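Each chain, written out:
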Amino acid sequence: MTSQPLQAAPPAAVASTHLNRQQRHLLLLTAAVSSGCGLAAELLLGTLTSYLVGAQALAYGVAVGGFLAAMGLGAYLSRFVAASPNLGEQAEQQQLLNGFFAIELTLAPLVALVPLGLFALFTLGGPVWIGLTFGTLILGVLSGMEVPLLTRLIELDEHDLSESLAGVLALDYVGALAGSLLFPAVLLPLIGLLPSAFVIGSLPAWMVFFLSLAFPKMKPWRYIGLGVAIALCVITPAVLPFSNNLENKLYKAPVVMRSQSTYQRIVLTRFGQAVRLFLNGELQLSTIDEYRYHEALVHPAMAAADNPKTVLLMGAGDGMALREVLKWPSVENVHIVELDPAIIELAKSDTSLLKFNENAFSDPRVVIEYGDAFKAIPKLTEQFDVIVADFPDPDEVAIAKLYSKGFYQQLRSHLTPNGILVTQASSPFFAPKVISCITKTIADTGLIAEPYNVNIPSFGPWGFVIASQQKLSFQETPLPNPTQFLSPELLPTLFVFGKDIIDNAVEVNQLSNPVIVPYQSNPRWSVY
């Protein structure tokens, strides 16, 4: 009997952490989506906070700076996920995926709910800045763990840290670009602020669902990810009426219209005969007394110009200032430069505003140009008898450039020899240095500038600055009929100020040194 040689037993199957093409591509796509969601969440929190409490630069500083700092902490904490030295590669991959999925499914509802909670906190009079800081830190820590975990997952396959890191970071930066563009350009104007948070929050949950399909052993996560993603998407339509109810609490009168443009939140309220326009929560006009503001803004400059024919009107998209300009029969052309088309469309379509602006935009003498006045003015070739600047208060650097010496020099070059420049100049009581700064800045261009003020019940005392190449006098100045407030006898008195609302200890506002922003942030505003 012949003995058979012993055969070695087949080697046990070795568990592999090799990623197939689909798995690797999904992990890289997840890096892009995670980064895009993180950046969009930062922008959303900054936008919401600046809408609620103002201080845009500080709001974005806390949201972005706090988020990035917290991401650093999150990146450090990620080292403790799947940290055991005795783990095999397959067990390590399993734990990394479990950790990553848990982070994504924690992030998903938080991204959706933190902005909603911040809004609710504000309406209840709570500490919004503390809420913003706390929410930013939580989201930042969780987001900071994502890239390190994804890098380690891909490194288990490639065994090359530099290659893994390069792939993840490349998609991370692409995702950041996508998030930074899609939120302000698509989500915000189309569906609004808080619904955007729910859409953004659903994306991490969707990635958990798709990754669990690609990794069969992660099947239990599949249903959780799908459930969270669907829940957030289903809830999204209900967020808008809920957030509208919260927003209603910000206003003392019923909201009759609200919309979100690419640039700002637009709200109209009505109480009795009074219609009020708010942009980003700030009162722009009340139909009860807007005529005081717009008559004071327009008519001194138009009267001083002596038979004005061409007018440049910047801002003033509600049409009220245009209404006053068109009262002058000598006017042949009004060139309007307005940043936000949504404001003019509202002024042309809303019956309440149409009643008060007297359908001024339908006048054939009016030409509308949409764009940033800072960029549009240097491209103009015309000269104007009157230039009216009706910009928002200079409470942030982006607006401060419209009150800078460089901008006023551009405007001066577009004035006719006897042309007049006038600008609104904030409240001389609540921000006394602002009107002095504007006066000094315009005078530094070589024009003779004079401040004046008027009392507007909705705002209190309000300031303006008028300038030309000659000294102006308003004694016995004729005005058009009809005016509701301004008269030839009253006009000279507008140039008289109380001693408590002029502060001449100011510097010229420069593009490189926007001193007007801190001047606008006077503590007196706290009692406004």
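**A short note on a nonpolar patch on the surface**
Residues Leu73, Tyr76, Leu77 and Phe80 make up a contiguous nonpolar surface patch of roughly 390 Å² in combined accessible area. As for its placement among the helices and strands, Tyr76 is situated in helix α2 (residues 56–77). A relative accessible area of 44% places Tyr76 in the partly exposed class.

**Examining unusual backbone geometry**
The backbone of Asn280 sits at a positive phi, close to 50 degrees, despite the residue not being glycine. Locating Asn280 in the fold gives a position in the loop between β3 (274–279) and β4 (282–286). By relative accessible area, Asn280 is classed as partly exposed at 30%.

**Brief notes about helix α16 (residues 432–443)**
The first and last C-alpha atoms of α16 sit 17 Å apart over 12 residues, in line with the 16 Å expected at 1.5 Å per residue. The buried count for α16 comes to nine of 12 residues, which makes it a mostly enclosed element. Among the residues of α16, those classed as buried are Pro432, Val434, Ile435, Ser436, Cys437, Ile438, Thr439, Thr441 and Ile442. Looking at the buried side of α16, the elements it contacts are α15 (405–412), β9 (415–424), β10 (448–456), β11 (460–468) and α17 (516–520).

**Comments concerning the sheet that holds strand β6 (residues 333–338)**
Strand order in the open sheet formed by seven strands is β7-β6-β5-β8-β9-β11-β10, with mixed pairing between adjacent strands. Unpaired on one side and paired on the other, β7 (366–370) and β10 mark the two borders of the sheet. Sheet twist, expressed as the average angle between the axes of neighbouring strands with direction ignored, equals 15 degrees. This element, helix α11 (residues 341–349), spans β6 and β7 of the sheet and lies at about 145 degrees to β7.

**Considerations on the pairing of strand β2 (residues 265–271)**
Counting buried positions along β2 gives five out of seven residues, so the element sits mostly inside the fold. When strand β1 (residues 255–260) meets β2, the two strands line up antiparallel, connected through five bridges. Its bridge partner being in β2, Val255 is matched across the sheet by Thr269. Here β1 hands over to β2 after four residues, the two strands then running antiparallel side by side. Joining the antiparallel neighbours β2 and β3 is a turn of two residues, in which Gly272 adopts a positive phi near 65 degrees.

Scoring rules and cut-offs
Residues numbered from 1 in each chain as written. Predicted model: local features only at pLDDT ≥ 70, side-chain atom pairs only at ≥ 80, totals over all residues. Heavy atoms only, no water. Patch = residues over 30% accessible without salt bridge, like charges linked within 9 Å, V, L, I, M, F, W, Y side chains within 5 Å. Areas by Shrake-Rupley, 256 points an atom, 1.4 Å probe, with all protein chains shown as cover. Salt bridge = Lys/Arg side-chain N within 4 Å of Asp/Glu carboxyl O. Helix = DSSP H or I, 4+ residues; strand = E, 2+ residues; numbered from the N terminus. Buried < 20%, exposed > 50% of the residue type's maximum accessible area, 1.4 Å probe, protein only. Expected span 1.5 Å × (residues − 1). Contact = heavy atoms within 4.5 Å. Pairing = 2+ DSSP bridges. Axes fitted to C-alpha atoms, helices over the stretch in contact; angles between N-to-C directions.

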